[in-house]
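Results of the structural survey
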Amino acid sequence: MKIMPCPLNGPRNISEFSCGGEVEHLPPPDCDHAQWIDYVYLENNTAGIIREWWYHTPTAYWFVAERDTRTDEILRTWPAGDFLAEFGEER
Amino acid sequence: MTRPETFQRRSHLYRVCREAGARWRAVNGFGAPAHYGDASGEADAAARLAIADLTALPRAGYKGWGMADWIRDQGVFLPEPNQAQRQDDGTLACRLSSGELLLLADDEEATLIDRLARAWSMDDAVCFPVPRADASARLVVTGSESAAMMAKMCGVDLRGRRFADHAIAQTSVARMNVIVLHNDRGAAPAYDLIFDSASAVYLWGCLVDAMAEFSGSIVGLDAIDALRG
Amino acid sequence: MTPGRLPASADQLIDRSRPLSFSFDGRRHEGYAGDTVTSALLAAGVRVLSRSFKYHRPRGTLSAAGHDANSFVQIGDEPNVAADTRLIEDGMVVEPQNVFGSLDNDHARLLDHLGRFLPVGFYYKTFYRPKGAWKAWEPVVRRLAGLGSVNSETPHGYYDKQYLWADVVVVGGGPAGMAAALEAAAVSREIEVLLVEENPCLGGSLTYARFDAEGERAARERQTLVAAVEGCDNIRVLAGAAANGWFTDHFIPVIQGNRMFKVRAKSVVVATGSWEQPLAFRNNDLPGVMYGSAVQRLVNRHGVRPGGRAVIATANADGYSAALDLIGAGVDIAAVAELGPAVPRHDLAVAVADHGVPIRPRSTVVVAEPGRWKDTIEAAHIAEITGPGTTAARHDVHDCDTIVTSVGWQPAANLVWHAGGRTPYNETTSMLEIGQLPAGMHAAGSVAGCFRIDTVIEEGRRAGWLAARDAGFNGTAMPAVRNDRGETGQNHPWPMFEHPKGRDFVDFDEDLQIHDLKDAVAEGYTHIELMKRFSTCGMGPSQGRHSWLNAIRLNARENGISVNEAGMTTQRPPYTAEKLGVLAGRSFEPERLTAMHWRHVEAGARMMQAGVWYRPEHYGGEDRDAVIEGEARHVRGKVGLIDVSTLGGLEIRGPDAADMMERMYTWAYRKQLVGRARYTLMTDMTGVITDDGVACRLHENHYYVTATTSGVDGVYQEMLFWNAQWRLRVDITNVTGALSGVNIAGPRSRAVLTRLTDEKLDAESFPYMAVRQANVAGIPCRLLRVGFVGELGYEIHCPAHSGEALWDALMEAGRDHGIRPFGVECQRLLRLEKGHIIVSQDTDGLTNPLEADMDWALAKKRPFFIGKRSIDIQRDNVQRKLVGFEIESRASDGSIPRECHLVIRDGDITGRVTSCSYSPTLDKVIGLAYVAPDQAEPGSTFQVRINSGRIEGRRVRITSGTLVDCRVVPLPFFDPENARQEPGNADP
């Protein structure tokens, strides 16, 4: 079983986690329908390095992981706050 | 004779303990299993492998963005996340995350828990009480075989050399979310399990099954107190 | 000499002081502790163990190591046990498999003569014409094919799983594995080494192979290494245990008996050895044709003389060491056929020649001549090799009862393959050799292509040291490898000699001969994966262990490509067959019980599962419908009590709590008064309804929100997800398990509750949708006046550990008011009468609030809540509506529509029923259904097709159901003014 390095709990079996999808920003309120539909329904399905939300179920803890979808290798993780501080906050 | 049904507060496990032959004593508003008829034998058994229901013992929780500041203002020594620290009055302060604290008392007396409850107020609160006393059940697994037995249910290596005393693992035990606290009782290795109270009967059954191959026992609070010396 | 038991020697693995008795095929046999079923039977002269899968040919042991299905037997209720490896026990009952009649007189052996009607791929083409023929053939084929028999009455076994952690896992307890474990353990006192060995004892090839002409080296090395391992504190040995796969991050399931160890390692040494490979010639499957390693296992481990007179065909030194062991066991060697161009000059060959055994170079065995009953060998034909797979016409015939073959090895590299490693074919050595290894994995011993004992041990030590380094340990110098690998262990490049009459088996499990694989390629199944699937080569129990190396060679030749171009089929876990019980283990199925659970059971409740919870469906009674209707009448007439503890509960607290509420839920909460409750509706980003409940404002900064039993974990996770990004000053806590809850409902509910609380309950002090924190029976509670079931009623939420006391107090206080508990089904009926939806029953994965007629619960002015934008987009395109309906009349058999019955218009589906029940209050059948928007006005009619009915009291599915007329009516069905929910009106 794969191991996920959790920023709060350290390395754990991947079965303790669930994936919340790629990190995306809400489109601006004045976006057109097409933009909104793209946000709601379409996934990028990138073959490469992506950043995803992950949830550690026993601690109800959301964090961000950087993963290479080609190798399934987890390259880096951030606590949510650190990630947003580095890459911009949602408001 | 003390009977758990005469108390307003009842562990979800009182029927299971009663069937196992529990003798009761009043603890913190509960009728709690003191022993099962052989107090001294139970202490020996607990040094090898045993489980006990500690649900009656006091506990509390605080959670929120300002938890660390507020709790330090109250004079609590706050450890790092996933570590526990014994406070002056004997309470264990278990830090579950940067913003969440769980307080466990090993005795009925829980000065710190009572004091925090009086100090906290909803007005201007920066953290909030978590109803741990009712949300959670608390069991303890004690004895030299406890880590080996837990390996049948839990994917985290809990052996002392990898998981020091007062370390915390919030993980999956028998497919349930459980806070595992390494909390040795005297010389005996021991792990406190704090988890959803509604699942107490389920997890108890899993533990009883898992410890059969080690001839584990069900013991009462007296045996656990005896281990602590 | 005949097969039998040899004199005792110290190195044998049997204990002659412990004789055991067992039966095989109805006959009693004796053996010793440490004997396998195969060795004990051979010692007793029994060679035939089974009948083959397709042709029912008699089969005996080939590998004496369970590498093939030849030795599969049934032991009691356990099918497909490898007799080669299963140790005998006293009183064991062993039966042959795939036999009709007895093993000696198998009625199905005639199939052997019908072989031409069973060509390769026969099951894809033979039994399918005329149309429907397969139906007739299937039971016959299923009975003829197949292996052991499963007894479905077998009692449940106890299986379980256990985690095991190690720094270095060494798989394989032979010389390389033991050397690796010892070296890794020596790097640091702190390191934890786990050594996994498939056999019951350590030693691997040292327990049977010969590394010197004198035959002393193996035992000496074994004693030294085993003693060192056993004396080493930080090596844990798991013997009799199969490392059955490699999974990401060095997660290795190891099966020992009925337990699966879920081993997590930091690095792995693969020292799993190799499998000897067969020589294909006519009748190479006769009992008595064995690998060199098989006879060595039998002689050296079990003290069994496997035959009386043997012919040996060999392409390497191993055949000569087997010859020496046989000579030592008193077996005559009629001749050695050396497949190589010349008689080798190594010590082993010289020693064999010194015994006067004739050695014929550039020769092979081409035919095994069967005895009268086709289950013994009478003679071996030896012929000169003229080219790859071809021989001279002249055959020299040697009388013998045993043929021993040593023509090559195949690495048991399963864990390497599972980890993504490759084993390309080396055209020089004719072997598959491990190439690049995945990170943290090392290989040593014969799996890595090394067969010379000094080098094996040295390479093992180095692999152990490297694995320790990968696990983060250093402190010793890397051990040197001084010796080279020598010349032993090389494979013959083409150990296949096709015979015009066939029966030259490549795959023994599946009864595949050389021409079968050639035919598969000729029929167009040229790719190795296609050839495998069409022919089933390698798909039997041994999963290609003894067949795929030759199969790939054949495929390459038939396609005119190199072996590496032909490639290898993908290998996946498991390495050995594993029982379903082992995979299942102990079943961990979490269950949640409310504090009042046992009170329901005591009251005769029929409990039902609601997610992980147990809830009372209804209380007692044979006639379910009548009981539920009775409970409903009681609530409407007097007072009832229901356990609602499973309801989800969330605390939303902090200065931004109102902001959080308004972002997550569709309605408005900022202006909600403290002390009041409000309906909540949650949608996802697509505007689909995901949950509902009630929000109680307990403080300016505190909402207590309920959620559905099954929805609360998702709601909690979703709220945390968004607030991980929004960073509002709000804390969200899931308090579902912390609170018990009951709903006391009915005209007398206030009268009962008044007895237990000082809180004023009159309409003015405690209006509808008010929330109070008050003591009930001395228990601190949250009191909500809500009307889900449409009567005056109070939800009382209290600390979970006081839940049973609260229940007891209410039942006691209500006794003279006739209080009775009611179950989930009654509550569903009562809420239906009030037209309240249940999320996920009356909504589905696509329902938006507009379809559910809940526009009233959508905040119009607020620019944002989750889902708002998507709902607004769909506002002009509502495709269905949820409506209330009554049926005009029941179906002729009295059936009424059920959930998911379809709304039909002109033969098309326009909607479906989501809830439907007979209402005792209204004496009507009422329900909720999705219909087309133009069918949704009250007074409209539509038809529902009933797809189930009652036959002899049992509900059955009817495929062409009758249509029932339904009429849309306004909601709620019952008490539209909510008059019954007011205490003044309701109190008796």
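To be clear, the structure that these remarks concern was listed above.
What this report covers is the structure whose coordinates are included nearby. Given the structure is predicted, the values throughout are model-derived calculations rather than measurements. (Residues numbered from 1 in each chain as written. Chains lettered and ligands numbered in written order. Predicted model: local features only at pLDDT ≥ 70, side-chain atom pairs only at ≥ 80, totals over all residues. Heavy atoms only, no water.)

**Quick look at the nonpolar core**
Residue and element names in this part refer to chain C. Put simply, the rule reads: The term nonpolar core refers to a set of buried residues drawn from Ala, Val, Leu, Ile, Met, Phe, Trp, Tyr and Cys, joined through side-chain atoms within 4.5 Å. Here's how the labels work: a residue is buried when its accessible area is under 20% of the maximum for its type, exposed when over 50%, partly exposed in between, all with a 1.4 Å probe on protein chains only. What counts as a helix is a DSSP run of H or I of at least four residues, what counts as a strand is a run of E of at least two, and both are numbered from the N terminus. Two residues qualify as a contact provided that any one of their heavy atoms is within 4.5 Å of a heavy atom in the partner residue.
Core analysis: the biggest nonpolar cluster contains 58 residues, and Ile 652, Met 660, Met 664, Tyr 665, Tyr 703, Met 719 and Trp 722 have the highest contact counts within it. Among the elements that take part in this core, helix H19 (residues 712-726) stands out by supplying 9 residues, more than any other. Not counting chain neighbours up to four residues away, the residues in contact with Met 719 comprise Leu 650, Ile 652, Met 660, Met 664, Tyr 665, Met 682 and Ile 732. Membership of the second largest hydrophobic core comes to 54 residues, among which are Trp 246, Val 263, Leu 512 and Ile 528.

**Quick word on helix H13 (residues 548-559) of chain C**
All names here are of chain C. What counts here: Here the expected length of a helix is defined as 1.5 Å per residue gap, with one fewer gap than residues.
Under the 1.5 Å per step criterion, the end-to-end length of H13 is 16 Å for 12 residues, consistent within 8% with the ideal 16 Å. Burial runs high along H13: 9 of the 12 residues are buried. Every buried residue of H13 is listed here: Trp 548, Leu 549, Asn 550, Ala 551, Ile 552, Arg 553, Leu 554, Asn 555 and Ala 556. Where H13 terminates, the next one or two residues include Gly 560, which has phi positive at roughly 65 degrees.

**Some details on the state of the cysteines**
Going by this rule: A pair of cysteine sulfur atoms is labelled a disulfide when the two atoms are within 2.5 Å.
Across all of its chains, the model carries 0 disulfides over all chains by this definition. As a non-bridged cysteine, Cys19(A) has Cys6(A) as the owner of its nearest cysteine sulfur, 14 Å distant. As a non-bridged cysteine, Cys900(C) has Cys916(C) as the owner of its nearest cysteine sulfur, 12 Å distant.

**Looking at the interface of chain A and chain B**
Stated precisely, the cut-off is as follows: For any pair of parts, buried area is found by adding up, for both, the accessible area (1.4 Å probe) each one loses once the two are put together. Two N or O atoms count as a polar contact when they lie within 3.5 Å, although within protein this holds only if one can serve as hydrogen donor and the other as acceptor, and sequence-adjacent residues are included solely when both atoms are side-chain atoms. Ten residue types, Ala, Val, Leu, Ile, Met, Phe, Trp, Tyr, Cys and Pro, are classed as nonpolar, four, Asp, Glu, Lys and Arg, as charged, and the remainder, Gly among them, as polar.
Contacts between the two partners involve 9 residues from chain A, matched on the other side by 11 residues from chain B. Taken together, both faces of the contact between chain A and chain B bury some 680 Å²; the carbon and sulfur share is 49%. Per-residue buried area on chain A facing chain B is highest for Leu8(A), Arg12(A) and Pro58(A); these three make up 58% of the total on that side. Our count for the chain A to chain B interface comes out at 4 residue pairs in polar contact (both at pLDDT 80 or more). When its residues are assigned to classes, the side of chain A that touches chain B shows 2 nonpolar, 5 polar and 2 charged.

**Some words on unusual backbone geometry**
Residues and elements named next belong to chain C. In this structure, Pro 574 follows Pro 573 across a cis peptide bond, with omega equal to 5 degrees. Within the secondary structure layout, Pro 574 lies in the loop between helix H14 (563-566) and helix H15 (580-584). Note that the residue after Leu 971, namely Pro 972, is joined by a cis bond; omega there is -5 degrees. Tracing the backbone shows Pro 972 in the loop between strand E52 (963-969) and helix H24 (983-986). For Ser 840, which is not glycine, the phi dihedral falls at a positive 85 degrees. You can see Ser 840 is positioned in the loop between helix H22 (824-833) and helix H23 (868-874).

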